[in-house]
Amino acid sequence: MTDRQISGVGRLYGVGLGPGDPSLVTVRAAELIGKADVVAYHSARHGRSIARSIAERYLTGGQIEEKLVYPITVETTDHPGGYRGALDDFYEEAAARLAAHLDAGRDVVVLAEGDPLFYGSYQHMHKRLAHRYPTEVVPGVTSVSAAAARLGQPLTEAEETLTVIPGTLPEEELTARIAAADSAVIMKLGRTFPAVRRALERAGRLDDAQYVERAFMDGERILPLAEVEGETVPYFSVAVLPSKVAPLEPVERRTDGAGAVAVIGTGPAGPLWLTPEARGVLAEATDLVGYTTYLDRVPERPGQRRHGSDNKVESERAEYALELARRGHKVAVVSSGDPGVFAMATAVLEVACEEAYRDVPVRIVPGMTAAHAAASRAGAPLGHDYAVVSLSDRLKPWDVVARRLRAAAEADLVLALYNPGSKSRTTQVALARDLLLEYRAPETPVVMARDVGGPTERVRIVRLGELDPALVDMRTILLIGSSQTQAVERGGGVKVVWTPRRYPEE
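Scoring rules and cut-offs
- Residues numbered from 1 in each chain as written.
- Predicted model: local features only at pLDDT ≥ 70, side-chain atom pairs only at ≥ 80, totals over all residues.
- Heavy atoms only, no water.
- Phe/Tyr/Trp six-rings, centres within 6.5 Å; stacked < 30°, edge-to-face > 60°.
- Helix = DSSP H or I, 4+ residues; strand = E, 2+ residues; numbered from the N terminus.
- Buried < 20%, exposed > 50% of the residue type's maximum accessible area, 1.4 Å probe, protein only.
- Expected span 1.5 Å × (residues − 1).
- Contact = heavy atoms within 4.5 Å.
- Pairing = 2+ DSSP bridges.
- Axes fitted to C-alpha atoms, helices over the stretch in contact; angles between N-to-C directions.
- Core = buried A, V, L, I, M, F, W, Y, C linked by side-chain atoms within 4.5 Å.
- Salt bridge = Lys/Arg side-chain N within 4 Å of Asp/Glu carboxyl O.
- 1 Å grid on protein atoms, 1.4 Å probe; cavity = no way out; pocket = protein on both sides within 12 Å on 5 of 7 lines; lining within 4 Å.
- Points joined across faces, edges and corners; volume = space filled by probe spheres on them.
- Nonpolar A, V, L, I, M, F, W, Y, C, P; charged D, E, K, R; others polar.

Engineer: Hey, could you run me through the packing of aromatic side chains in this one?
Structural biologist: When we look at a pair of aromatic rings, we describe it by the centre distance and by the angle of the planes. Throughout the structure, instances matching the rule amount to eight aromatic pairs. Between Tyr-70 and Tyr-91 the ring centres are 6.3 Å apart and the planes differ by 85°, which places this aromatic pair in the edge-to-face class. Remark: Tyr-91 occurs in helix α4 (residues 82–103) and Tyr-70 occurs in the loop between β3 (64–69) and α4; sequence separation between them is 21 residues. Each of the two residues, Tyr-70 as well as Tyr-91, counts as buried. Ring plane angle 80° and centroid distance 6.3 Å describe the contact between Phe-193 and Tyr-211, whose orientation is recorded as edge-to-face. Of the two residues, Phe-193 is situated in helix α8 (residues 193–202) and Tyr-211 in strand β8 (residues 210–213); the sequence distance between them amounts to 18 residues.

Engineer: Would you explain helix α14 (residues 398–410) in this entry?
Structural biologist: In this model α14 runs 18 Å from its N-terminal to its C-terminal C-alpha over 13 residues, within 8% of the 18 Å that 1.5 Å per residue would give. Residues of α14 that are buried include every one of Trp-398, Val-400, Val-401, Ala-402, Leu-405, Ala-408 and Ala-409, and no others. Where α14 is buried, its residues touch β17 (386–390), β18 (414–418) and α15 (428–436). Once α14 ends, the next one or two residues include Asp-412, with phi positive near 60°.

Engineer: For this particular structure, what's the right way to read the sheet that holds strand β23 (residues 495–498)?
Structural biologist: The strand order β16-β23-β22 describes an open sheet built from three strands, whose pairing is mixed. Strands at the two margins of the open sheet, each flanked by one partner only, are β16 (379–380) and β22 (486–489). Sheet topology places β16 next to β23; two bridges connect them, and they run parallel. Each bridged residue has a counterpart across the sheet, and for Ala-380 the counterpart in β23 is Trp-498.

Engineer: Whenever I open this one, the sheet that holds strand β4 (residues 108–112) confuses me. Can you help?
Structural biologist: Hydrogen bonds between backbone atoms are what pair the strands of a sheet, whose relative direction is either parallel or antiparallel. The strand order β3-β2-β4-β1-β5 describes an open sheet built from five strands, whose pairing is parallel. Here the strands that pair on one side only, and so sit at the sheet edges, are β3 and β5 (135–138). The mean inter-strand angle of the sheet, taken between neighbouring strand axes irrespective of direction, is 20°. Pairing geometry for strand β1 (residues 12–16) and β4, over five bridges, is parallel. Counted as the bridge partner of Gly-14 is Val-110 from β4.

Engineer: Can you help me understand unusual backbone geometry in this one?
Structural biologist: With the exception of glycine, most residues fall at negative phi, and the peptide bonds are largely trans. Its identity is not glycine, yet Tyr-119 carries a phi of approximately 55°, on the positive side. With relative accessibility at 36%, the residue Tyr-119 sits in the partly exposed group. In the Ramachandran plot, Phe-216 falls in the positive-phi region, its phi being about 65° despite a non-glycine side chain. Note on placement: Phe-216 falls in the loop between β8 and β9 (221–224).

Engineer: Hey, could you run me through the pairing of strand β21 (residues 476–480) in this one?
Structural biologist: Within a regular beta strand, the side chains point alternately toward one face of the sheet and then the other, so they alternate between its two faces. Most of β21 sits out of view: five of its five residues are buried. The alternating pattern of β21 places Thr-476, Leu-478 and Ile-480 and Ile-477 and Leu-479 on opposite faces, both of which are buried. Where β18 lies against β21, three bridges are found, and the strand directions are antiparallel. Across the sheet, residue Leu-415 finds its bridge partner in β21, namely Ile-480. Pairing geometry for strand β19 (residues 445–450) and β21, over five bridges, is antiparallel.

Engineer: What am I meant to see in the nonpolar core here?
Structural biologist: As a rule of thumb, nonpolar side chains are buried together in soluble globular proteins. Counting 23 residues, the largest nonpolar core has Leu-12, Leu-98, Val-108, Val-110, Met-125 and Leu-129 as its most contacted members. At nine residues, α4 tops the list of elements feeding residues into this core. Dropping the residues within four chain positions of it, Val-110 is found in contact with Leu-12, Tyr-13, Gly-14, Val-15, Ala-40, His-42, Leu-98 and Tyr-122.

Engineer: How do you make sense of the pattern of salt bridges when you look at a structure like this?
Structural biologist: Where charged atoms from two side chains of opposite charge come close, those side chains can pair. Considering all chains together, one arrives at 26 salt bridges under this definition. For Arg-197, the salt bridge is made with Glu-201, and the minimal N-O distance between the two is 3.8 Å. With a gap of four residues between them, Arg-197 and Glu-201 both fall in helix α8, about one helical turn apart. Assessed through its relative accessible area of 24%, Arg-197 is described here as partly exposed. Note that Asp-473 and Arg-450 form a salt bridge whose closest N and O atoms lie 2.9 Å from each other. With a gap of 23 residues between them, Asp-473 in the loop between β20 (458–463) and β21 and Arg-450 in strand β19 connect regions that are remote in the sequence. Judged by relative accessible area, Asp-473 falls into the partly exposed class, the value being 26%. Assessed through its relative accessible area of 24%, Arg-450 is described here as partly exposed.

Engineer: What is the right way to read empty space enclosed by the protein from this model?
Structural biologist: Remark: the empty space left among the atoms is shown by a probe the size of a water molecule rolled over them. All chains considered together, the criterion is met by one cavity of 30 Å³ or more. If you add up the space inside the largest cavity, you get close to 30 Å³. Broken down by class, the residue content of the lining of the largest cavity amounts to five nonpolar, two polar and one charged.

In structure tokens form, the structure reads like this:
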């Protein structure tokens, strides 16, 4: 028995029609359109419906046609609920019209360009009716697949991911999403095109972007997006950033003098700490240069070369990266945390300021610092003024380190201590602790954070007088509280550390 015979109601169908060519309508969609009692479709107030024009050859002439005419498209409205309120009322009224047919036992096909549940108008009927009536959704070829087919280029290969972005997002958000994407399709252009174009340019992806207008429809246009005039862009167009794998030239051929160096901060651990900007720059690079441990945190991409080295050859690494860039390579120098905080940015700039490399473009891409990551795990110990000091005496005398610690302690600053110890440096933590105890109470909270964000992460809160140097290594950062820093046990025995924003008057 059919659903209609069982329940006495009709069946709702959301039918995808594909990108525009009637021959790309699926067999299932054509069958349902031909035997439906009611065929519904959306249109603007001019009355023309692209969905109906695609499905026209499958209509028999005997169906009831329900034209669902939008009261507004992009113009303003005096509806008390504004633009969204006007549309919500329209969708409720349209759903009620379709429900009347379904209650009368008629099967209703709602036509949708592309796929019904991919930015489609049908979804608004589905939300209001699918829980009340037997429903089937028939998928269709999306504009994403149609655009890729017309370009003749893969969207994704290997481990690449595809990002679908509505062009209606704010420009800053568009820029961030584009920068972070491997490959992407940007929908809903039309009036949004100028902002989309600026976002592509700001993200460094304009030259990669392709433009596809009315794929598989009359008036189809395909060209590099940089050549498109903004006032000519209709709603039925998309911007495409295809796969980077297929067209990537072998790096030996990139000798056009257009090389550059970007020093990338990857944050304290793995991919979750990468900013969208850093992801985008890493994806664009032909060569990755860095300490091998940090390079291992970056996903491998076909066509990229990786140049790993030891942790103690910063200057040599910087010169190697600049030399690659001078020969036309796009080089990303990988640094943990933020590259400007005890990391590779200074090393690169020192060499880049030499005469031989002054014309090589260098940019610094920031990352989450180890201090801020550690602080977030403990609470808010850096909530007031603080100082950042490296305990390493490999590049400066210990007397300088001690003098700076003393000055910060006298000023009652919270301290973030980097590079506290290593296999070859085993005395600095004890020396720093004893020096700070001259100015701070033994009960002063200390956050010991090791491998924050990594698989062996451990964060402990101890007192300054009980700080054990044996528990500190190169992967640990220490946050030493000021006289005002609090360590408070909250519900469930969880201890948090925070430094008040207001400092008491003398």
